[in-house]
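Summary of the model geometry
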Amino acid sequence: MAAASWYHRDISRVVAEELLAKAGRDGCFLVRDSESVSGAYALCLLFQRHVHTYRILPDDEGLLSVQTIQGIQAKCFRNLPDLIGAYQQPNNGLVTPLLYPVHRARQAADEDSDGEDGRGGRHVASTVPAGGAGAGAWLGAPVAGRTHISQQLHQRLQEQVHSSPASDFMGFMAEYLNHHLQLDLEALRHGHPQLRHLSTALVTACRALHRRIDFTLAGLETLARVFDPPVSPRSPAREQVSPGHRSPQPPADLELLLNKISTVNHLLSSLEKKVLKSLQETVSRHNLALPSVAAAPPPAAKPLAVQSFEVKVGKSQRAALMVDVESGTVAISKRGSGSPEETIPQDKILQLIKYQSMQSKVRLVYDREPQRSLSKDFIFPSARKREAFCQLLQLMKIQHSNLDEPDLISVYVGTWNMGSTPPPRSLASWLTSRGLGRTQDETTACIPHDIYVIGTQENSLGDREWVEFLRASLKTLMAIDYRVVALQCLWSIKIVVLVKPEHERRISHVHTSSVKTGIANTLGNKGAVGVSFLFNGTSFGFVNCHLASGSEKTHRRNQNYSDILRSLVLGDKRLGAFDLTLRFTHLFWFGDLNYRLDMDVQDILAHVTKKEFEALLAVDQLNLEREKNKVFLRFSEGDISFPPTYRYERGSRDSYMWQKFKPTGMRINVPSWCDRILWKSHPETHVVCNSYGCTDDIVTSDHSPVFATFEVGVTSQFVPKKAPGSGPEPLACIEWESIEVIVKTTSRSKCYIEFHSYCLEEAQRSGENTSQSCDVPGFLKLGWSAKHLPVLNPILPDLEYLGDQHLLLSIKGVESCESYGECCIAMRSMISSMAQQFETFLFHRGEETGSMRGWMKVRVPKDRRSTRERLYEWISFEEEDAEPVADAPTCPKPPLQRLRSRPHSLPEPASGYTNPAYFIFEGVP
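Described below are features of the structure shown in this document. Keep in mind it's a predicted model, so treat the numbers as computed, not measured.

1. Some thoughts on the side chain of Q488
One can find Q488 in strand β16 (residues 483-490). A distance of 3.2 Å separates the side chain of Q488 from the side chain of T512, its partner in a polar contact. With near-sequence residues (within four places) excluded, Q488 lies in contact with I493, K494, I495, T512, S513, S514, V529, G530 and V531.

2. Points about the sheet that holds strand β22 (residues 636-637)
Read from one edge to the other, the open sheet built from 6 strands follows the order β18-β19-β20-β21-β25-β22, with strand pairing classed as mixed. Every other strand in the sheet has two partners, leaving β18 (507-516) and β22 as the edge strands with one partner each. Of the pairings in the sheet, the one linking β18 to strand β19 (residues 527-535) comprises 8 bridges and is antiparallel in character. Across the sheet, residue V515 finds its bridge partner in β19, namely A528. Lying over the sheet, helix α13 (residues 554-567) contacts β18, β19, β20 (538-546) and β21 (586-592), oriented at roughly 140 degrees with respect to β18.

3. Notes on the sheet that holds strand β15 (residues 451-457)
As summarised here, the arrangement of the 7 strands in space is β14-β26-β27-β13-β15-β17-β16, forming an open sheet in which the pairing is mixed. Edge positions in the sheet fall to β14 (436-438) and β16, since each has one partner strand and no second. Neighbour-to-neighbour, the strand axes of the sheet open up by a mean angle of 10 degrees, direction not taken into account. With 7 bridges joining them, β16 and strand β17 (residues 493-499) adopt antiparallel strand pairing. Each residue of the ladder has a partner; that of A486, found in β17, is V497. Each of β15, β16 and β17 is contacted by helix α12 (residues 463-478), which is oriented at about 40 degrees to β17, the strand it contacts most.

4. Description of the nonpolar core
The biggest cluster of nonpolar side chains holds 48 residues, and the ones touching the most others in it are V411, I451, F533, F540, F542, F588 and F710. Setting aside residues no more than four positions away along its own chain, F540 makes contact with I409, V411, V531, S532, F533, F535, F584, H586, F588, V712 and V714. Core analysis: the next-biggest nonpolar cluster, separate from the first, contains 33 residues, I739, W784, M830 and V860 among them.

5. Here's the deal with the pairing of strand β9 (residues 342-345)
Only one face of β9 is buried, namely the one carrying E342 and I344, since none of T343 and P345 on the opposite face is buried. As paired strands, strand β8 (residues 329-334) and β9 are joined by 4 bridges and run antiparallel to one another. Looking at the pairing, T329 lines up with P345 of β9.

6. Observations regarding the packing of aromatic side chains
For the structure on display, the rule yields 25 aromatic pairs. Seen in terms of ring centroids, F309 and F389 are 5.8 Å apart; in terms of plane orientation they differ by 80 degrees. Their pairing is edge-to-face. One end of the pair, F309, is in strand β6 (residues 307-313); the other, F389, is in helix α10 (residues 383-399), and 80 residues separate them in sequence. F389 carries the same exposure label as F309, and that label is buried. Judged by centre distance (6.1 Å) and plane angle (0 degrees), the ring pair of F540 and F542 falls under stacked. These aromatic residues form a ring-pair network of at least three members: F533, F540, F542, F588, W679 and F710. For K361, the ring lying beneath its charged end belongs to Y355, and the centroid distance is 4.8 Å.

7. Brief notes about the pairing of strand β29 (residues 751-756)
Where burial is concerned, most of β29 is hidden: 6 out of the 6 residues are buried. Of the two faces of β29, the one holding C751, I753 and F755 and the one holding Y752, E754 and H756 are both buried throughout. Where β29 lies against strand β33 (residues 806-813), 6 bridges are found, and the strand directions are antiparallel. Bridge pairing in β33 places F755 opposite L809.

Reading the values: the criteria
- Residues numbered from 1 in each chain as written.
- Predicted model: local features only at pLDDT ≥ 70, side-chain atom pairs only at ≥ 80, totals over all residues.
- Heavy atoms only, no water.
- Helix = DSSP H or I, 4+ residues; strand = E, 2+ residues; numbered from the N terminus.
- Polar contact = N/O pair within 3.5 Å; in protein donor to acceptor, adjacent residues only side chain to side chain.
- Contact = heavy atoms within 4.5 Å.
- Pairing = 2+ DSSP bridges.
- Axes fitted to C-alpha atoms, helices over the stretch in contact; angles between N-to-C directions.
- Core = buried A, V, L, I, M, F, W, Y, C linked by side-chain atoms within 4.5 Å.
- Buried < 20%, exposed > 50% of the residue type's maximum accessible area, 1.4 Å probe, protein only.
- Phe/Tyr/Trp six-rings, centres within 6.5 Å; stacked < 30°, edge-to-face > 60°.
- Lys NZ or Arg CZ within 6 Å of the ring centre and 35° of its normal.

Here is the structure:
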């Protein structure tokens, strides 16, 4: 009996509605996990083309009941099948009886541990909770008892292998529990206690262990003979398998394996004592004194050398720009001149303007005399040189600012699939962003970043060994002893966050999490690890993942992404109901995403040889899936100008090893950009990607390491400049005139809006929507008037503070309390005495679920409107217009208007409504 088929576990509301719409008959139903209450369920029922959702809640005794309006007695049931059976009868309070269960789809077999062998593990069928939260059993099957035991044991296996790297071994054990345990149970029931199938599974799983122990024993015995000449007699088991006496077909016997393990145990436990005793006797016999080893002094921080840039001034004049970060000056000298023509202190530099039409050109605006400023245009040999000059000036401003807390930090993100081999001795090119693509200029490559985030996959090193190797590498390169913020591992997937010592106190609220997406979502050979924290007042999230492999597994990779998005527990717990991509000011997502190129391998190789990357990016699976809004909605990625990072021949970067020979035939792994770095930030924040590329000299793996560096604006814990007085403090207020929402749903539920922000003491809630229409199938239009929207009072009224804040809004159903979509609104653009219009997309669990638009204003008291310029705001962007006259004076102080209302990294706001959902209602074809 397939009584469990209507239970779809943790599918989203959107997916549930799509399944019911596809079924199309009144009375179709399914059950899924509730998104709003842990341990509860949602009963979704189709009637007259609309989905009605009922919450099924457990009580203190684990009994289940459908939530009813106040005053109506609820009917209680011991398990879900009993509840569903009762509501299949008419007149039970639902809009229609439960008539047609919508069955869940069977999932295809997943890939094996290394993703390329094809030894797929079988998917473990979902179980239907029989009682309240946490209870589980298969229902109604003739062999329910034996199947239940198998499921319990498999669940225990999942719990035990949380951090085990033995993916192949656990795969064998999962296979045994799923398919052979019942045969051993049956044999045991008939009086045969040998557990033949378990023995076979163990022998198969331990086959490689025999060979490893043979080598280990030989080495240990050799070492023992060095320190103990009269070697003790070897054990019979050892004689049996010694290299000179091995039989042609060594038995793969468990008893033999146990004897070997016992010998290894004895040797290891006695060897350290034996070596120590031998060395002590040597020291005593020869009267040797062990030399004291003086600790090497820590390397001094490397001062930044003066950097010189050859530039053109005007149309033909050659000049040199000398940037001295330590002294805080920029010197301009004519070509061939020994002494500088002009020296500009950093506090006299007012603005740096980058031209977009000419990527190598920059304008420097500075004070020359009181009340007058000058501007000069410089053309660099390349865009990379211009960026290096701008970065040095930015660093100079930061070092010489009198701020107690930084406005701007640099973040390095690296990802590398290490191919289960140890790394080379030096990671210098990776950690200094050198190689192919958009790389750091040599003048700035060794400037240390504030934060390093390193993600690896198939990393065979021990956790602490890897961390210390990274710290030592950075110490050698940067002369800085970086501190460990977090280390999170899932088998061979690791993420390490390192920070400069001076920033350690600024890091707080560190959270880590991991999600398995391997075989049946139970093994950690594929999955993700994540870290989140606050840097002063700015929240960061970092996710390193290893998704399903194989060119044909695009859908599976998309599902991996969705599972990670849903299950990764990071950030503020109060924002747990929000889409993971909205919980952080800045979220960086990277790893071996494993998306491939949909093109014949010979065509790919031809394009790579000619460096025709645009043609390849057009068939890149990740780009295609993002265009379809399947994954990474509203994420950004740097321009890819480096060759595919997979699948190289190990030991070289000259050729791709795209053929893999297997017993079942030849497999083709086309060269692809598997290794990627993406990010998503709150609106109207500052984040600029300064480099994105891969190394060309690290060849131990079939993947090349990938790096990206970012300039990121951060906020501090705000301290009001005005001391509180004795009278009442003036309040800032956030007022709403109207909000209109369109959600993709077949529900007719009434909704309310929840408002969250760090600037609010607690979350606020609106009343129910005042208008509602569903004229277009699949869409629900909701409206709120000012009367039903709350006035919000931030905890601080200062303009400088409010300009950095964001509001998170969630549209929730009144009956289910489940979210129909969430969004983020920047307050900076809304600060005004007049209402400002806003519009944004709604997201839920990684999907776009609708749109929101409306009118609002943020009113700030007159005496709290002072603000200051951020360090990153003095660099702006401008399209080139008429050529300025060299040394032409500009308008007197106050200085020129700064382009700082919107950082350049943000897209310009659309003039009209961009979501097609609005066009449907507004009559636009």
